[in-house]
Amino acid sequence: MIHLCALGSGSSGNSFYIGAETGGVLMDAGFSAKETFSRLNAVGIALSKIKGIVISHEHSDHVKGLGPVARKLNIPVHISHSTLSQVAARAGTLPAIRVFRSGETFEAGGMEVTPFSIPHDAVDPCAFVFRVNGTSVAVATDAGSATTLIRDKMRGLSHIAIESNHDVAMLMAGPYPWELKQRIASRSGHLSNETCGELLKELIHPGLQGVTLAHISKINNNADLVRLTADDALNASGVPYHIATQDAPGPLVAVE
Ligand SMILES: [Zn+2]
Ligand SMILES: [Zn+2]
C-alpha cells in the first residue's frame, strides 16, 4: 500500500507526502518548515515517518522550505546534479545529499523511486513514479506537454497525480503579461485542463484507482472548470479524482 497526500499545491507552494508502511518521503518542499509540519500534523502523518525529500525542480514554489525542512528532520535530499546547482545556495547546508539521474531508480522511504524527465522551463525537471509491492503512484506537477515519455511512464499505474494548471481561455483573457502567458502555455510551461483531460483518457485502465489533480492556477482556472474536464475524462470509467488545493492539505489517500 502507498499513502499519498497533497499537503498543498499551486503556484505559491507544492509539497506531497508519499509513503509506504515503514516510512515515506516528501516530494518537494515549497512551504516553510512550520507550515509543512503543521499540514503533516493535520493529516496525521508523524514527522518520524519522513525519511527523505525528493526534489522535482528548482522553482521556488517547490524548494522554498527545502533547507529548513531537511535540517529540522535531519533527512537526506534526493536531487539531480543540475537542480542541486540551482538550489544549493538558497537551501544552505543540507544534512545529506543523494544525487539521482533521470531514468535511474533509487530507494527512498522504503519505496522504489523512478525519476523521469518532463518538459518544463527548469534545468532538469523531473516527475516521479513511486513503487512498493506492485502498487505504483506517479506525481507530475509541472509539465508543459504530455510527451511520449510521460505517457509511457504513467501508463498502468495505481494512482496518478498530475497538474491541471489552467484554462486556456482564462489564461489568454487574464491579467498576466503576454510573455508570461506564452511561457505558461508553451510546451515547457504548464498543462492546461484540456491537455490534462486528454492525457487522463489515455491513461485509464482497470487498475487505476484514483487521480489527484494538482497545481491549479488561482488566477487562470477554477475548480468548476477543472471538474468539467475531469468529469468528461474520468466519469465513464468511474475512476474517482480529488482536486488538490493551495491552502489546505488534501485527504490521505490509500492506494492498494
Ligand atoms: Zn510549480
Ligand atoms: Zn515550475
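Everything discussed here concerns the structure shown above.
Chains are numbered independently. Their residues run from 1 in the order of the written sequence. As they are written, the chains are lettered A onward and the ligands numbered 1 onward, keeping that order. Only residues with pLDDT of 70 or above have their local features reported here, since the model is predicted, and side-chain atom pairs are shown and tallied only from 80 upward, although totals for entire chains, interfaces and linings are computed over all residues.

(A) Geometry of the overall build of the chain. Secondary structure elements are taken from DSSP: a helix is a run of H or I of four residues or more, a strand is a run of E of two residues or more, and numbering for both begins at the N terminus. Within the chain, the secondary structure is distributed over nine helices and 14 strands. Computed over the C-alpha atoms, the radius of gyration of the chain is 17 Å, within 12% of the 18 Å expected from 2.2 N^0.38 for a compact globule of 256 residues. Counting other C-beta atoms within 10 Å of its own, a residue is labelled buried from 20 upward, exposed at 12 or fewer, and partly exposed in the gap between, with every C-beta atom placed from the backbone. Buried positions account for 52% of the 256 residues belonging to the chain. Each residue gets a C-beta atom placed from its backbone, and two residues are in contact if those atoms lie within 7 Å. In the chain, once contacts between residues fewer than 6 apart in sequence are set aside, the share between residues at least 24 apart is 66%. Each radius of gyration is computed over the set of C-alpha atoms, and the globule rule expresses the reference value as 2.2 Å times the number of residues to the power 0.38.

(B) Expanded view of unusual backbone geometry. Phi is positive for D28, which is not a glycine, with a value near 70 degrees. Residue D28 is classed as buried on the basis of its 29 C-beta neighbours within 10 Å.

(C) The arrangement of the nonpolar core in detail. The nonpolar core criterion groups buried Ala, Val, Leu, Ile, Met, Phe, Trp, Tyr and Cys residues into a set whenever they are joined through C-beta atoms within 7 Å. Formed by 70 residues in total, the largest nonpolar core has its most connected members in F16, I18, I53, L66, F128, A138 and V139. Here this core gets six residues from one element, more than from any other, and that element is strand 9 (residues 126–132). Discounting residues that sit within four places of it in the chain, A138 has contacts with A127, F128, V129, K153, M154, L157, I160 and A161.

(D) Quick peek at the sheet that holds strand 9. The seven strands lie next to each other as 7-8-9-10-11-12-13, forming an open sheet whose pairing is mixed. Each having just a single partner strand, strand 7 (106–108) and strand 13 (241–243) make up the two edges of the open sheet. Adjacent strand axes in the sheet meet at a mean angle of 20 degrees, parallel and antiparallel pairs treated alike. Against the sheet, helix 9 (residues 223–234) touches strand 12 (210–214) and strand 13, its axis set at about 165 degrees to strand 13. Two strands qualify as a pair provided DSSP detects at least 2 bridges between them. Axis lines are fitted through C-alpha atoms, for helices just across the contact stretch, and the angle between N-to-C directions can take any value from 0 to 180 degrees.

(E) Main features of the environment of V168. Following the sequence through the fold, V168 ends up in helix 6 (residues 168–173). You can call V168 partly exposed: it has 16 C-beta atoms within 10 Å. Each C-alpha atom of the pair V168 and K181 lies 9.4 Å from the other, and the pair is 13 residues apart in sequence. Not counting chain neighbours up to four residues away, the residues in contact with V168 comprise A185, S192 and E194.

(F) Broad picture of the sheet that holds strand 6 (residues 96–100). Pairing in this open sheet of seven strands is mixed, and the strands run 6-5-4-3-2-1-14 from one edge to the other. The sheet is open, and its two borders are formed by strand 6 and strand 14 (253–255), each paired with just one other strand. This sheet shows a mean twist of 25 degrees between the axes of neighbouring strands, independent of strand direction. Here strand 5 (residues 76–80) pairs with strand 6 via five bridges, running parallel.

(G) Structural view of the environment of G197. Checked against the element boundaries, G197 lands in helix 8 (residues 193–203). The exposure class assigned to G197 is buried, which follows from the 20 C-beta atoms found within 10 Å. The spacing of G197 and T229 is 32 residues in sequence and 5.8 Å in space, taken between C-alpha atoms. Sequence-distant contacts of G197, that is, excluding residues within four places in its chain, are made with T229, A230, D232 and A233.

(H) Seen up close, the pairing of strand 9. Of all seven residues that make up strand 9, six are buried, and the element is covered over most of its length. With six bridges connecting them, strand 8 (residues 111–117) and strand 9 associate as antiparallel partners. Of the residues in strand 9, the one forming a bridge with T114 is V129. The pairing of strand 9 with strand 10 (residues 135–140) spans five bridges and is antiparallel. Residue V129 lies in a different strand from strand 10, and its bridge partner there is A138. Connecting strand 9 to the next strand, strand 10, in antiparallel fashion are two residues, including N133 with a positive phi near 45 degrees.

(I) Examining the environment of P249 more closely. Its place among the elements puts P249 in the loop between strand 13 and strand 14. For P249, a count of 23 C-beta atoms within 10 Å puts it in the buried group. Taking C-alpha positions, P249 is 8.6 Å from S9, a pair spaced 240 residues apart along the chain.

(J) Just the packing of helix 8 against helix 9, in detail. It is at 8 Å that the axes of helix 8 and helix 9 come closest, and there the two elements cross at 20 degrees. As judged from the angle between their axes, helix 8 and helix 9 are roughly parallel. For the crossing formed where helix 8 meets helix 9, the hand is right-handed. Residue-level contacts link N193, E194, C196, G197, L200 and K201 of helix 8 to L225, V226, T229, A230, D232, A233 and L234 of helix 9. In this classification, Asp, Glu, Lys and Arg are treated as charged, Ala, Val, Leu, Ile, Met, Phe, Trp, Tyr, Cys and Pro as nonpolar, and every other residue, Gly included, as polar. Split into classes, the residues belonging to the contact of helix 8 with helix 9 amount to seven nonpolar, three polar and three charged. Note on angle classes: values under 35 degrees are labelled roughly parallel, values over 145 roughly antiparallel, values of 65 to 115 roughly perpendicular, and the remainder oblique. By definition, turning the near helix anticlockwise from the far helix through less than a right angle yields a left-handed crossing, and turning it clockwise yields a right-handed one.

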